[in-house]
Amino acid sequence: MDKPVEKPHEAIAALLADDLTAVNTLIRERMASRHAPRIPEVTAHLVEAGGKRIRPMLTLAAARLCGYDGPWHVHLAATVEFIHTATLLHDDVVDESRQRRGRPTANLLWDNKSSVLVGDYLFARAFQLMVEPGHLRVLNILSDAAATIAEGEVLQLSAAQDLRTTEDTYLQVVRGKTAALFSAATEAGAEIAGATPDQVKALFTYGDALGIAFQMADDLLDWQGDAGQTGKNVGDDFRERKLTLPMIRAIAAADDEERAFWTRTIEKGQQDDADLATARALLDKHGALRSTRDTALGWADTAKTALQDLPDHSLTGLLADLADYVVERLR
């Protein structure tokens, strides 16, 4: 029987096994609380739910391929994971989610108050961790990312159900809620390693493009993915009235009758059982799914191109493979 092909993030994890073990140990240490046992309970529920740890892996990989041999990339990777976990806890409250990574969400198992407050605690822990290396530029990168993520989430609140939302606004939301942490992860790893300005810029560009491709692929798979693999039901974004790139493009090409449909279902939230099929037909009619796929693949190519001037290292090739992997289901 043929051995299953190793996925890029699994190969990166194998190369960085010792670093990842150190990150996980640090995460467990810093999510502890002497006075509020609910904090490690809620945090462990999400942190230990089997996520791929792609964001902290990006920090470790960027540092290592730029020649870093010190200890602080572990703190920065843990910082990135804490910021990510905090945003997930808050997002599940905002979205009234009931499932995350195949398990009930923390807000469902405990309550919204616990999720919000534990998320706040993790943000505070993240800032403690990012200060410890004593590197001002790295502190700038990660603190700016935390602000950008929050800004992107707030922008999405106003843009998600507004038919006037443009592709530029969508991209700003995606850069905020998703790509900002990818690019901060890679840029911080390069900075702590003392990489050249060109290398730092290349790794920032890689993380930014990877994050955008990742989110666009996720938005596309909401319409045509396998619920067993994505953890989402087909059409969840439509039912939750979240305008993503395929819908934005279909709305931009809509005639008066079609626009009335989008106004009723997205802006007013008046949906019936047949509307999902109608929405999908309109996306197909205007080629919105195909064009979104092409755009996502283009961002993956941008990520790979950014790696060309980086040091010759086994991790560089694996990061290129990772860019292909996040969009491979779209090909």
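Everything here concerns the structure above.
Now for a description of the structure that goes with this document. (Residues numbered from 1 in each chain as written. Predicted model: local features only at pLDDT ≥ 70, side-chain atom pairs only at ≥ 80, totals over all residues. Heavy atoms only, no water.)

Another aspect to go through is empty space enclosed by the protein. By the definition in use, this model includes three cavities of 30 Å³ or more. By volume, the largest cavity amounts to about 110 Å³. Around the largest cavity, the lining comprises 14 residues; the ones closest to its centre are Gln156, Tyr170, Val173, Leu243 and Thr244. Elements with a contribution of two residues or more to the lining of the largest cavity: helix 8 (136-159), helix 9 (167-192) and helix 10 (197-224). For the lining of the largest cavity, the leading source of residues is helix 9, giving five residues. Class assignment for the residues of the lining of the largest cavity results in seven nonpolar, five polar and two charged. (1 Å grid on protein atoms, 1.4 Å probe; cavity = no way out; pocket = protein on both sides within 12 Å on 5 of 7 lines; lining within 4 Å. Points joined across faces, edges and corners; volume = space filled by probe spheres on them. Helix = DSSP H or I, 4+ residues; strand = E, 2+ residues; numbered from the N terminus. Nonpolar A, V, L, I, M, F, W, Y, C, P; charged D, E, K, R; others polar.)

This paragraph deals with the packing of aromatic side chains. Within the structure shown, the criterion is met by five aromatic pairs. Here the aromatic rings of Phe182 and Phe214 are separated by 5.5 Å at their centres, their planes lie at 45°, and the arrangement is tilted. With Phe182 in helix 9 and Phe214 in helix 10, this residue pair connects regions lying 32 residues apart in the sequence. An aromatic cluster is built from Trp223, Phe238, Phe261 and Trp262, whose rings are joined through pairwise contacts. Sitting over the face of the ring of Phe214, Arg55 holds its NZ or CZ atom 5.8 Å from the ring centroid. (Phe/Tyr/Trp six-rings, centres within 6.5 Å; stacked < 30°, edge-to-face > 60°. Lys NZ or Arg CZ within 6 Å of the ring centre and 35° of its normal.)

A separate point is the pattern of salt bridges. Using the criterion set out here, one finds 16 salt bridges in the structure. For Glu167, the salt bridge goes to Arg249, with nearest N and O atoms at 3.0 Å. With Glu167 in helix 9 and Arg249 in helix 13 (residues 245-252), this pair connects stretches of sequence that are 82 residues apart. Judged by its relative accessible area of 35%, Glu167 is partly exposed. The exposure class of Arg249 is buried, given its relative accessible area of 18%. Where salt bridges share partners, they join Arg137, Glu187 and Glu191 into one cluster. (Salt bridge = Lys/Arg side-chain N within 4 Å of Asp/Glu carboxyl O. Buried < 20%, exposed > 50% of the residue type's maximum accessible area, 1.4 Å probe, protein only.)

Here helix 2 (residues 17-30) crosses helix 4 (residues 54-65) at 135°, and the two axes come no closer than 11 Å. The angle between the axes of helix 2 and helix 4 places the two elements in the oblique class. Between helix 2 and helix 4 lies a crossing of right-handed hand. Two secondary-structure elements touch here, helix 2 through Asp19, Leu20 and Val23 and helix 4 through Met57, Leu60 and Arg64. (Axes fitted to C-alpha atoms, helices over the stretch in contact; angles between N-to-C directions. Parallel < 35°, antiparallel > 145°, perpendicular 65-115°, else oblique. Left-handed = near helix turned anticlockwise from the far one by under 90°. Contact = heavy atoms within 4.5 Å.)

In a soluble, globular protein the nonpolar side chains are often hidden away together inside. Leu58, Tyr206, Trp262 and Val327 are the most contacted members of the largest nonpolar core, which has 103 residues in total. Counting residues per element, this core draws most heavily on helix 10, which supplies 13 residues. (Core = buried A, V, L, I, M, F, W, Y, C linked by side-chain atoms within 4.5 Å.)

Note that every value here comes from positions in space, so none of it alone points to a role or purpose.
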